[in-house]
Amino acid sequence: MEDLFSVLTGRVEQAFNEHTSAGAILHRAVYEPLDGLLMSTGQEIRCSKGCDACCHRMVICTRVEALAVMEYLQGINKWDDQLREAVHLHASTLQDYLEPGENKPDTWIERWVACPFLKEGECLVYPMRPVSCRSYHSLDEPELCKVPIRKVAQVKEINQAEELFSMMATMVGERIDPVFAAKGLFTLILDELSADITATGEVV
Ligand code: SF4
C-alpha cells in the first residue's frame, strides 16, 4: 500500500503541474489510477447498464469531487434549472430522512430515491463520478446490492485502496482550497454549491 501511496502522491504533483480545473486534476491524480486498478485485476465485475442499486444509496464525497461534477455539467451545458431543482429535491428528501438524528440503521436504499444524475439506467456524470461511485462494484449477483447491508464479493485490492483514493481526493481539495477538502453527502454539497453560484455568479 505504501508504494501505491507514493505513486498517487506523485500523480497529485503531476496533475497540479499539468492542469488547472478540479475535474482534470482529480482525473489525472485519482480517477484514472482507481479505474486502472479495478480493471487490472481481471476479475468479472457484475455491474452493468441498468443495474443501479448503488445509485439509490447515500453517496459521500469530498467537496472538490462535487465541484468537479458541477463543472463537468456546466461544460456539457446540462447544469440547468431542471437539474438544479432535481438535486435540491434529492438533498431535501435526504435531509428529511436524516432529520431525527437518531442512531438508526442506514435504510435509505429502501426508499428507492434515485440519484438525480441517474437517467434511464445511466449516469449522466459518469466520467466525473466521485471515488465512492467508482469503487462501488460487485463480483456477485447485482440483485444482492438492493439491501441496506449488502454482502457481496468485491475486488480485494479496491477494498483495501478505497480509503487511500478518497484521501487523495481530499489532498487535491486541500490544495485548491481547504474548504474543498471537507467530506459530506454528495447532493447536499452540490445543493450548497449551487446556491453559492446563484448568489455570487461564481463557483467559489
Ligand atoms: S453520480 Fe452517477 S454513479 Fe454516482 S450515484 Fe449518481 S448516478 Fe450513480
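Right above here is the structure, for reference.
These remarks concern the structure in this document.

So, how was this worked out
- Within any chain, residue numbers begin from 1 and follow the written order of that chain's sequence.
- The predicted origin of the model limits local features to residues at a pLDDT of at least 70 and limits the giving and counting of side-chain atom pairs to 80 or more, whereas totals for whole chains, interfaces and linings rest on all residues.
- Excluded from the side-chain calculations are hydrogens and water; all other atoms, namely the structure's heavy atoms, are used.
- Residues belong to a common nonpolar core when they are buried Ala, Val, Leu, Ile, Met, Phe, Trp, Tyr or Cys residues joined through side-chain atoms within 4.5 Å.
- Exposure categories follow from relative accessible area, calculated using a 1.4 Å probe and restricted to protein chains: below 20% of the type maximum is buried, above 50% is exposed, and the middle band is partly exposed.
- A run of DSSP states H or I qualifies as a helix once it reaches four residues; a run of E qualifies as a strand once it reaches two. Both are numbered from the N-terminal end.
- Only heavy atoms matter for contacts: two residues are in contact if any of them lie within 4.5 Å across the pair.
- Angular values range over 0 to 180 degrees, each being the angle between N-to-C directions of two axes fitted as lines to C-alpha atoms, with helices fitted over their stretch in contact.
- Each angle receives one of four descriptions, namely roughly parallel if under 35 degrees, roughly antiparallel if over 145, roughly perpendicular if within 65 to 115, and oblique otherwise.
- Residues are grouped as follows: Ala, Val, Leu, Ile, Met, Phe, Trp, Tyr, Cys and Pro are nonpolar; Asp, Glu, Lys and Arg are charged; every other residue, Gly included, is polar.
- Here a polar contact is taken to be a pair of N or O atoms separated by no more than 3.5 Å, where protein atoms must pair a possible hydrogen donor with a possible acceptor and residues adjacent in sequence count only if both atoms sit in side chains.
- Here a residue counts as near a molecule or strand whenever at least one of its heavy atoms sits within 4 Å of it.
- Only the six-membered ring of Trp is used, alongside the rings of Phe and Tyr, when aromatic pairs are assigned; centres must lie within 6.5 Å, and planes under 30 degrees apart are stacked while those over 60 apart are edge-to-face, with the rest tilted.
- Charge over a ring is defined by NZ of Lys or CZ of Arg lying within 6 Å of the ring centre and within 35 degrees of the ring normal.
- Whether a set of points on the 1 Å grid over the protein atoms alone is a cavity depends on a 1.4 Å probe fitting there but being unable to get out, while an open set qualifies as a pocket with protein on both sides within 12 Å along at least five of seven lines; lining residues are those with an atom within 4 Å of a point.
- Grid points are joined across faces, edges and corners, and a volume is the space filled by probe spheres set on the points.
- Here the expected length of a helix is defined as 1.5 Å per residue gap, with one fewer gap than residues.
- Note on bend: at a given residue it equals the angle between the axes fitted to the 7 residues ending there and to the 7 starting there.

### Concerning the nonpolar core
Residues L26, V30, W79, F117, V172, F186 and L190 are the most contacted members of the largest nonpolar core, which totals 42 residues. Elements with a contribution of two residues or more to this core: α1 (2-18), α2 (22-40), α3 (63-75), α4 (81-98), α6 (156-176) and α7 (186-200). Not counting chain neighbours up to four residues away, the residues in contact with W79 comprise M70, L73, Q74, R84, V87, F117, L190 and S194. Core analysis: the next-biggest nonpolar cluster, separate from the first, contains seven residues, L94, W108, L185 and L188 among them.

### Focus: the packing of α2 against α6
Here α2 crosses α6 at 175°, and the two axes come no closer than 10 Å. Taken together, the axis directions place α2 and α6 in an arrangement best described as roughly antiparallel. Of α6, the residues touching α2 (which contributes A22, I25, L26, A29, V30, P33, L34, L37 and L38) are E157, I158, A161, F165, M168, A169, V172 and I176. Among the residues making up the contact of α2 with α6, the classes are represented as 16 nonpolar, no polar and one charged.

### With respect to the side chain of S135
Tracing the backbone through its elements, the reader meets S135 in helix α5 (residues 131-135). Given a relative accessible area of 3%, S135 falls into the buried group. A distance of 2.5 Å separates a polar side-chain atom of S135 from the backbone oxygen of V131. Apart from the residues lying within four places of it in its own chain, the contact partners of S135 are L34, I158 and E162.

### Comments concerning the site of the ligand
Within the structure, the ligand sits among C55, V59, C115, F117, L118, C123, V125, C133 and F186. Classifying every residue of the shell around the ligand by side-chain character gives nine nonpolar, no polar and no charged.

### A word on the packing of aromatic side chains
Centre-to-centre distance and the angle between the planes together describe a pair of aromatic rings. For the structure on display, the rule yields two aromatic pairs. Their ring planes at 55° and their centres at 5.2 Å tell us that Y97 and W108 sit as a pair that is tilted. Placement of Y97 in helix α4 and of W108 in the loop between α4 and β2 (118-119) is noted, with a sequence separation of 11 residues between them. Accessibility assignment for this pair places Y97 and W108 in one class, buried. In this structure, R150 packs its charged tip against the face of Y136, placed 3.9 Å from the ring centre. Taking the ring centre of F16 as reference, the NZ or CZ of R175 above it sits at 4.3 Å.

### Digging into the environment of R134
Structurally, R134 is set in helix α5. Between the C-alpha atoms of R134 and I60, which are 74 residues apart in sequence, the distance is 12 Å. Look past the residues within four positions of R134 in its chain and what remains in contact with it is H27, Y31, L34, D35, L38, Y126, P127, M128 and R129. One polar contact links the side chain of R134 to the main-chain carbonyl oxygen of P127, over a distance of 3.4 Å.

### What about empty space enclosed by the protein?
Rolled over the atoms, a probe sized like a water molecule indicates the empty space that remains. Enumeration over the complete set of coordinates arrives at one cavity of 30 Å³ or more. The computed volume of the largest cavity comes to approximately 70 Å³. Those elements that place two or more of their residues in the lining of the largest cavity are α4 and α7. For the lining of the largest cavity, the residue count by class is seven nonpolar, two polar and one charged.

### Quick word on α2
Three or four residues apart is the spacing at which side chains of an α-helix point the same way, because the helix has 3.6 residues per turn. Between its first and last C-alpha, α2 extends 26 Å over 19 residues, near the 27 Å set by a 1.5 Å rise per residue. For α2, the principal kink sits at R28 and spans about 45°. Among all positions in α2, only A22, G23, I25, L26, R28, A29, V30, Y31, P33, L34 and L38 are buried.

Keep in mind these values describe shape, not function.
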